[in-house]
Amino acid sequence: SFPTRLSSDLFPSHDIVPSFLQKLFDETSIEANWEEIMRKPIAARTQQVYAKNQKLYLKIDSAPLKKELIMAKQKMIELINKHAGKMLIEEVVFL
């Protein structure tokens, strides 16, 4: 006889996929909304931006701007988290 229902052993936790997808969505939303979050002058000087495991990775093409942003890391974290409406980023890493 073939089972008509999926066993809970095959899919032990229904929360894993939605939380994983939500995390991925949140991380990519930072990239997608970077100009809106940080405004055009900073976004124009950003060569690379991505988030992973509550860290934001940035590559800035202007040394003076990079230095300024390094000093304003906490403010950037606050802006990003405020825009997201939740705690997404805890650390900023410059590449």
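First, a word on what this report is: a plain description of the structure on this page.

Parameters at a glance
Residues numbered from 1 in each chain as written. Predicted model: local features only at pLDDT ≥ 70, side-chain atom pairs only at ≥ 80, totals over all residues. Heavy atoms only, no water. Phe/Tyr/Trp six-rings, centres within 6.5 Å; stacked < 30°, edge-to-face > 60°. Buried < 20%, exposed > 50% of the residue type's maximum accessible area, 1.4 Å probe, protein only. Pairing = 2+ DSSP bridges. Helix = DSSP H or I, 4+ residues; strand = E, 2+ residues; numbered from the N terminus. Axes fitted to C-alpha atoms, helices over the stretch in contact; angles between N-to-C directions. Contact = heavy atoms within 4.5 Å. Salt bridge = Lys/Arg side-chain N within 4 Å of Asp/Glu carboxyl O.

### Looking at the packing of aromatic side chains
Then step 1. Scanning all chains against the criterion turns up 1 aromatic pair.
Then step 2. Where Tyr50 meets Tyr57, the ring centres are 4.9 Å apart and the plane angle is 15°; that geometry is what we call stacked.
Then step 3. On the basis of relative accessible area, Tyr50 is assigned to the partly exposed category, the value being 29%.
Then step 4. Judged by relative accessible area, Tyr57 falls into the buried class, the value being 18%.

### A closer look at the sheet that holds strand β3 (residues 91-94)
Then step 1. The sheet built from 3 strands is open, its strands ordered β1-β2-β3 with mixed pairing. The open sheet has two edge strands with one neighbour each: β1 (46-52) and β3. Neighbour-to-neighbour, the strand axes of the sheet open up by a mean angle of 20°, direction not taken into account.
Then step 2. Relative to β3, strand β2 (residues 55-60) runs parallel, the two sharing 4 bridges. Bridge pairing in β3 places Leu58 opposite Phe94.
Then step 3. Across the sheet, helix α5 (residues 73-84) touches β2 and β3, and the angle it forms with β3 is around 120°.

### Details of the pairing of β2
On any regular strand, side chains alternate: one points to one face of the sheet, the next to the other face.
Then step 1. Direction of pairing for β1 relative to β2: antiparallel, over a ladder of 6 bridges. Looking across to β2, one finds that Val49 is bridged to Leu58.
Then step 2. In this structure, the hairpin formed by β1 and β2 is closed by a connection of 2 residues, where Asn53 is found at a positive phi of approximately 50°.

### Topic: the pattern of salt bridges
Then step 1. One pass over the full model with this rule turns up 2 salt bridges.
Then step 2. With its nearest N and O atoms 2.8 Å apart, the salt bridge here joins Asp26 to Lys86. Here Lys86 lies in the loop between α5 and β3 and Asp26 lies in helix α1 (residues 16-32), a separation of 60 residues in the sequence.
Then step 3. Here Asp61 and Arg45 are joined by a salt bridge, their closest N and O atoms 3.6 Å apart. Of this pair, Asp61 sits in the loop between β2 and α4 (63-71) while Arg45 sits in the loop between α3 (40-44) and β1, and the two are 16 residues apart along the sequence.
Then step 4. For Arg45, a relative accessible area of 40% corresponds to the partly exposed category.

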